[in-house]
Every structure is written in structure tokens, then in C-alpha cells.
Amino acid sequence: MKILVVNAGSSSLKYQLIDMEDEKCLCSGGVDCIGQQTSTIEHKVSGKEEHTEKHHFENHTEALKIVFGLLTDANFGVVKSIDEISAVGHRVLHSGEDFDRSILITPENLAILKKNIPLGPLHMPANIACVESCQSLLPNVPMVAVFDTAFHMTMPKHAYMYAIPYEDYEEFKVRRYGFHGTSHKYVTGEAIKMMGTSNCKIINCHLGNGSSISAVKDGKCQDTSMGLTPLEGLMMGTRSGDIDPACLEFLMDKKGMDIHQMLNYLNKKSGFLGISGVSSDARAVTKAAEEGNERAQLVLEMTTYRIRKYIGAYAAALQGVDCIVFTGGIGENSFDTRRRVLEKLEWLGVKIDWDKNNNCPRRKNVEISTPDSKVKVFVIPTNEELVIARETKDLI
Ligand code: AMP
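Teacher, can you tell me more about the packing of helix α2 (residues 107–115) against helix α3 (residues 123–137) here?
Between two packed helices, what matters for the description is the angle formed by their axes and the separation of those axes. Remark: α2 packs on α3, axes separated minimally by 10 Å, with the N-to-C direction vectors making an angle of 155 degrees. On the basis of the axis angle, α2 is roughly antiparallel to α3. Here the hand of the crossing between α2 and α3 comes out left-handed. Residues L110, L113 and K114 of α2 form the contact with α3, whose own contacting residues are M124, I128, V131, E132 and Q135.

Teacher, can you tell me more about the packing of helix α1 (residues 60–71) against α3 here?
Where α1 contacts α3, the two axes come as close as 9 Å, and the packing angle between them is 45 degrees. Judged on the interaxial angle alone, α3 and α1 are oblique. Of the two possible hands of crossing, α1 and α3 adopt the one that is right-handed. On the side of α1, the interface is formed by H60, T61, L64, K65 and F68, while α3 contributes A126, A129, C130, S133, C134 and L137. In the contact of α1 with α3, the residues fall into seven nonpolar, three polar and one charged.

Before we go on, may I ask you to explain the sheet that holds strand β14 (residues 376–379) in this structure?
Backbone-to-backbone hydrogen bonds join strands into a sheet, with any given pair of strands oriented parallel or antiparallel. Within the open sheet, the six strands sit side by side as β11-β10-β9-β12-β14-β13. Their pairing is mixed. Two strands close off the open sheet at either side, each with one partner strand: β11 (220–224) and β13 (366–367). The pairing of β13 with β14 spans two bridges and is classified as antiparallel. Bridge pairing in β14 links E367 to F378.

Hey, could you run me through the site of the ligand in this one?
Lining the immediate surroundings of the ligand are G208, N209, D281, A282, R283, G328, G329, I330, N333 and S334. Between A282 and the ligand, the recorded distance is 2.9 Å, taken from a backbone N or O atom to an oxygen atom. Calculation on the ligand without its partners gives an accessible area of 510 Å², and the protein chains cover 72% of this total. Tallying contributions element by element places helix α12 (residues 328–333) first for the shell around the ligand, with four residues. The residue inventory of the shell around the ligand, partitioned by class, reads two nonpolar, six polar and two charged.

What exactly am I supposed to notice about the pairing of strand β10 (residues 211–217) here?
Two faces make up the sheet, and in a regular strand the side chains alternate between them. Burial within β10 is extensive, with six of its seven residues counted as buried. If you look at the hairpin formed by strand β9 (residues 201–207) and β10, you'll find three residues sitting between the two strands. With four bridges joining them, β10 and β11 adopt antiparallel strand pairing. Following the sheet pairing, V216 is matched in β11 by C221. Linkage of β10 to β11, two consecutive antiparallel strands, is achieved through a turn of two residues, within which D218 is found at a positive phi near 50 degrees.

Would you mind going over helix α10 (residues 282–290) with me for this structure?
Among all positions of α10, only A282, V285, T286, A288 and A289 are buried. Each buried residue of α10 sits inside an arc of 160 degrees when the element is viewed along its axis, so together they form one side. Set apart from the buried face of α10 by more than 90 degrees, the exposed residues are R283 and E290. Packed against the buried residues of α10 are α9 (271–276), α11 (294–318), α12 and α13 (335–342). The distance from a side-chain oxygen at the start of α10 to the backbone nitrogen of R283 is 3.0 Å, and the residue carrying that oxygen is D281. Immediately downstream of α10, the backbone of G292 shows phi near 105 degrees, a positive value.

So what exactly am I meant to see when it comes to the sheet that holds strand β7 (residues 103–104) here?
Sheet architecture is open: eight strands sit in the order β5-β4-β3-β2-β1-β6-β8-β7, paired in mixed fashion. Unpaired on one side and paired on the other, β5 (51–55) and β7 mark the two borders of the sheet. By the bridge criterion, seven bridges tie strand β2 (residues 13–19) to strand β3 (residues 24–31) in an arrangement that is antiparallel. Across the sheet, D19 pairs through a bridge with K24, a residue of β3. Across the sheet, α3 lies against β1 (2–8), β2, β6 (85–92) and β8 (143–147), angled at about 170 degrees from β6, the strand it touches most.

Reading the values: the criteria
- Residues numbered from 1 in each chain as written.
- Predicted model: local features only at pLDDT ≥ 70, side-chain atom pairs only at ≥ 80, totals over all residues.
- Heavy atoms only, no water.
- Axes fitted to C-alpha atoms, helices over the stretch in contact; angles between N-to-C directions.
- Helix = DSSP H or I, 4+ residues; strand = E, 2+ residues; numbered from the N terminus.
- Parallel < 35°, antiparallel > 145°, perpendicular 65-115°, else oblique.
- Left-handed = near helix turned anticlockwise from the far one by under 90°.
- Contact = heavy atoms within 4.5 Å.
- Nonpolar A, V, L, I, M, F, W, Y, C, P; charged D, E, K, R; others polar.
- Pairing = 2+ DSSP bridges.
- Near = heavy atom within 4 Å.
- Polar contact = N/O pair within 3.5 Å; in protein donor to acceptor, adjacent residues only side chain to side chain.
- Areas by Shrake-Rupley, 256 points an atom, 1.4 Å probe, with all protein chains shown as cover.
- Buried < 20%, exposed > 50% of the residue type's maximum accessible area, 1.4 Å probe, protein only.
- Arc of directions from axis to C-beta.

Read these as layout, nothing more, since geometry by itself doesn't imply function.
This is the structure:
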């Protein structure tokens, strides 16, 4: 059985075709700058050189037509006909309170996704456009929606409520939802295997361009750092994370911004980029810090301080912690970020084998704590596409 995984951003599209017999990725690719002058499509067949094409795509539907052409292309294809695709798994940003798991996309469920567009006005229209384009290109193939929020739907009410008038929660469903759910779910499953029991307390640190932390007990999410949108929580590549909401009015007044400009400022111009003035990319910021750039050094101090604060808060929320997981581009690759976080967590019972931390092999699950560490620490490469493909297979 071959499953196509489609992951659409507001102006981008990533895809993978996975053979579920051995869960092997046959090909993967991405399209950027959809709706702009020139989009680049990068298509990679496992074991072969990457193939790149440039196009102008007005929308996601046009991009998907070219992707389907590449999947069956004589030189770059991996299937003879698109009829070999058994199902499509779509990453969908927001479930609202309507779903706590992945769903088969029926006309009724599609209507619910459309109702929830206001909860994710940038991503949801792109997600829905991809569902509808795939339905028209593959009319007899089942489609599944796998939500970024679903893993977090086990949070207790006292964790997901905001302290605003209750009627507004009831009417508008304004509350914490959390994101990166497929990643938190995947690494939770791997951590449980490494712990040898699901009966444990886990703190997952997904650190990438977007970052979030989750507190998990017995395999179920109890709390997470992102909120109604992915803006809340940790400091990220271009997002501010937690900030006093009163700063908004103050800054809007001082800088003459309206609320849309303000949210753009917090989502796109803040975080690593805003503080360092160098880049939103952790590698570039780390390099600048090593070269003596004080604002880049401040980024590293601020970001790792905030991660530690969340770990401390979640250890208290869970009333203990058995293991801490690092994943995402930064969590998996930046031994320096892990060191800055972990060297100040000895009080919690964390003891690290620094040699293992500094020489962690890529793309492997690794335990970097010492055998006598009270709290285990794992580096686990995430695999969100595989979670989407597995859930799609289970549902069809
Ligand atoms: P993601 O959003 O999960 O793809 O993660 C992207 C982030 O991971 C970017 O900020 C990258 O700079 C960062 N990253 C990737 N590789 C490394 C590395 N070797 N060291 C530090 N940061 C890295």
C-alpha cells in the first residue's frame, strides 16, 4: 500500500510517498513561494540526486498537478500510474474542538474543516485547497486529515482554558490547542519504547523554526506551550513566544501599527531574528554568537533559559519527570542548545554523558543521560510524515 502525505503551508507544499509495507519513503519533495513570481519545486527520489524545477504556481492546485506528474515521470517518477496511490494523508493545522483524532474526509467533515478556517486563517485555506485538489485529481482515493492539534486534546480543562470570560470560550472556542501534535505523538511513542513502559512522565522539547514543549503522562498530553495559535510559548525563529499582551497596545501606539501589522511583527519579525538582527536560523545565530555578536549570544541565553523554565513548570505540573526528549532541527542537531539547557537541570536529577551529547549520531534515537541519571534524556529524530501515513493507513 502506497500513501501520499501532503503537508501544505500558506505558500508552500511538502509531500512524501511512503510504501507502507516497510514504511519506506519512496520520494519526497517541496514547493515554495506558491502565488509568487517563481516557485521552486524540489523532488527527491530515495537514493538518487535531487531534481529541481522552476514554475509559476498561482495556487496549491497547480502545484499538486506538477507533483502528480513528477510521481509518474519516466525519469523522476516512483509509480507507473497514480492509481497506485491507495490514500492521501493531509496534515491539517486545526481540529478546533470538533475532533480529537484523525478523520476520514467526508463531505460533512470537510464542511467542519471549513467552519474552522477562522482558527487558522493562513494555513487552513491551503490545507483545504489541497484536500479539494487531491479529491479532483484522485476522485476514488480516500483522503484523511491528520491534525496538528489532535494529540493535545487530552489536556485537562484547567490546562487548556485561558482566564477570559467563560462565555467567550463557549461561543468562540478560544482556548489552548497546541501544535506539532504529530511530532509530539511520534517522539512520545519512541520514548515509551526506550523507557520500556508507557507508565511514565515525559517532557518533549520540539525545537525547530517553530518550537513547542509538551508534558505527557502515561502517553497522554497534559499540557503544551503553544496556544490558540502557534505564537505562544517558547522563543522561536521569528515568533516572540510568551509576551505580556499589554505590550501590543503600547507598541501599536508607539509605532503606529494596526493589529494585523502587530501580529505580523510578533509572528515574523521577532524571536531569534528580532533579538539578534542576524537571522531566524539557529545555525547562523550560533555562528554569530561564536564570533562575538552579543545580541546573538543573548538569543542563545534567552531561548535556553525559557526552555528550562518550561521544563521546570512541566515537571511541577506532572509532579515529577522520568524523561526529557529533544527533537526538531535544533533539538536533534544542536548539542550546544542541549548543553545550555541540561547543564542547569542537575537539581532535577538530570546527569548527562557530555561525550554522548556532543557526538550524538544523526537520525538515530540516542540516550544521552548517564545510566544512573534519575531523569533519562533522549534525542529522538522526529518523523511527522510517518505518523500521518500510519494514521491514514489505520483509518482506511
Ligand atoms: P526545523 O524547523 O525542525 O526544520 O528546524 C530548523 C532549525 O534547526 C533551524 O533554525 C536550523 O538552523 C536548525 N538546525 C538544523 N541543523 C542544525 C545544527 N546542526 N545545529 C544547530 N541548529 C541546527
